[in-house]
Amino acid sequence: KNEVEQSPQNLTAQEGEFITINCSYSVGISALHWLQQHPGGGIVSLFMLSSGKKKHGRLIATINIQEKHSSLHITASHPRDSAVYICAVMEETSGSRLTFGEGTQLTVNP
Amino acid sequence: EPEVTQTPSHQVTQMGQEVILRCVPISNHLYFYWYRQILGQKVEFLVSFYNNEISEKSEIFDDQFSVERPDGSNFTLKIRSTKLEDSAMYFCASSPRLAGALTGELFFGEGSRLTVL
């Protein structure tokens, strides 16, 4: 059974700090998604990765397929980045099922 | 910007009643999904749907649940004989490709909160 582990579970930072959220998984995957869940509950897709690195504004996502590990980085964090960040993976053996991590609650203080 | 819309945003129902949650996916997307999130827990996959049939379903998606794309635009989740433990946020999502494929980015709706009393 695939397990998706995120760390840390909770993270508090000061505005401007560099943030790293980690995700590890236990089986071969075809893709990994980073999602952002707003306080109201809505979910937004940030990245979909199958290899390497992607960058969008202040957000950077990396994945190491051999080590079964991905990181989400936020540079120059801002209070509006406060949200739950969720890692979700698509197993190689699945056509369409995502397995989600527990999420990381990020709070950025001004 | 195109978006996935869900209705209702919140529904309260009595145990044993049937509920239909509605979703309008992005118009040129081909793959549709339902997920649920029980309060305080992680998001769970329920079902995926492609070409007018279920592609994959989880162990949660038993005979109590069904999905339908009745008119080419709406994508519905029906929950029969609701139970207290069905209380959750239900998210619909769509993608132009499979969510594991190179361009399979997921677009989520805002969710429908179901409360079963």
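To be clear, the structure that these remarks concern was listed above.
These remarks concern the structure in this document. Being a predicted model, the structure only gives us computed values, none of them experimental. Throughout this description, residue numbers start from 1 for each chain and increase along the sequence as written. Written order decides the labels, with chains lettered from A and ligands numbered from 1. Confidence filtering applies because this is a predicted model: local features only for residues at pLDDT of at least 70, side-chain atom pairs given and counted only at 80 or more, and all residues used for totals across whole chains, interfaces and linings. In computing side-chain properties, one takes all heavy atoms of the structure into account and sets aside hydrogens as well as water.

**Looking at the overall build of chain A**
Phase 1 of the analysis: Counting from the N terminus, the helices are the DSSP runs of H or I reaching at least four residues and the strands are the DSSP runs of E reaching at least two. A tally of regular secondary structure across chain A gives zero helices and eleven strands.
Phase 2 of the analysis: In chain A, the succession of helices and strands from N to C terminus is β-β-β-β-β-β-β-β-β-β-β.
Phase 3 of the analysis: Relative to the 2.2 N^0.38 estimate, which gives 13 Å for 110 residues, the radius of gyration of chain A is 13 Å and therefore close to what a compact globule would have.
Phase 4 of the analysis: Dimensions along the principal axes, computed over C-alpha positions, put chain A at roughly 45 × 25 × 20 Å.
Phase 5 of the analysis: Burial classes: relative accessible area under 20% of the type maximum marks a residue as buried, over 50% as exposed, and values in between as partly exposed (1.4 Å probe, protein chains only). Out of the 110 residues belonging to chain A, those deemed buried represent 49%.
Phase 6 of the analysis: What makes two residues a contact is simply this: any of their non-hydrogen atoms within 4.5 Å. At a minimum sequence separation of 6, the contacts of chain A that also span at least 24 residues come to 53%.
Phase 7 of the analysis: Distance from the positive charge centre (8 side chains) to the negative charge centre (9 side chains) of chain A: 8 Å. When we talk radius of gyration, it's over C-alpha atoms, and the globule rule is simply 2.2 Å times the number of residues to the 0.38. Charged-residue counts in this description rest on Lys and Arg as positive and Asp and Glu as negative, His and the chain ends being excluded. A charge is said to be at NZ when it belongs to Lys, at CZ for Arg, at CG for Asp and at CD for Glu.

**Focus: the environment of Leu-77 of chain B**
Residue and element names in this part refer to chain B.
Phase 1 of the analysis: Mapping Leu-77 onto the fold places it in strand 8 (residues 75-79).
Phase 2 of the analysis: For Leu-77, a relative accessible area of 0% corresponds to the buried category.
Phase 3 of the analysis: Sequence spacing of Leu-77 and Tyr-33 is 44 residues, and the spatial spacing of their C-alpha atoms is 9.8 Å.
Phase 4 of the analysis: Discounting chain neighbours no more than four positions away, the residues touching Leu-77 are Val-19, Ile-20, Leu-21, Trp-34, Leu-46, Phe-61, Phe-65, Ser-66, Val-67 and Tyr-90.

**Considerations on the pattern of salt bridges**
Phase 1 of the analysis: Just to be clear on terms, a salt bridge is a Lys or Arg side-chain nitrogen sitting within 4 Å of an Asp or Glu carboxyl oxygen. Summed over the entire model, instances satisfying the criterion amount to four salt bridges over all chains.
Phase 2 of the analysis: For Arg-58 of chain A, the salt bridge is made with Asp-81 of chain A, and the minimal N-O distance between the two is 2.9 Å. Of this pair, Arg-58 of chain A sits in the loop between strand 6 (52-56) and strand 7 (59-64) while Asp-81 of chain A sits in the loop between strand 8 (69-74) and strand 9 (83-91), placing them 23 residues apart in sequence.
Phase 3 of the analysis: Under the relative-accessibility criterion, Arg-58 of chain A is labelled partly exposed at 26%.
Phase 4 of the analysis: Each member of the salt-bridge network shares a partner with another, and the members are Arg-97 of chain A together with Glu-56 and Glu-59 of chain B.

**Some remarks on the interface of chain B and chain A**
For interface size, the figure often reported is the accessible area lost on association.
Phase 1 of the analysis: Contacts between the two partners involve 27 residues from chain B and, on the opposite side, 22 residues from chain A.
Phase 2 of the analysis: Here the quantity called buried area is the accessible surface, traced with a 1.4 Å probe, that two parts lose on coming together, added over both. Between chain B and chain A lies a buried interface of about 1900 Å² when both sides are counted; carbon and sulfur atoms form 54% of it.
Phase 3 of the analysis: Considering only the side of chain B, the residues that lose the most area to chain A are Lys-42, Glu-56 and Phe-108 of chain B, jointly responsible for 28% of the buried surface there.
Phase 4 of the analysis: The tally of links between chain B and chain A comes to two salt bridges.

**Here's the deal with the pairing of strand 3 (residues 19-25) of chain A**
All names here are of chain A.
Phase 1 of the analysis: Only one face of strand 3 is buried, namely the one carrying Ile-19, Ile-21, Cys-23 and Tyr-25, since none of Thr-20, Asn-22 and Ser-24 on the opposite face is buried.
Phase 2 of the analysis: Note: two strands are recorded as paired if DSSP finds a minimum of 2 bridges between them. Pairing analysis gives four bridges linking strand 1 (residues 4-7) to strand 3, with the strands arranged antiparallel. From the neighbouring strand, Glu-5 faces strand 3, where its bridge partner is Ser-24.
Phase 3 of the analysis: In this sheet, strand 8 lies alongside strand 3 in antiparallel orientation, the contact comprising six bridges. The partner of Asn-22 across the bridge, within strand 8, is Ser-71.

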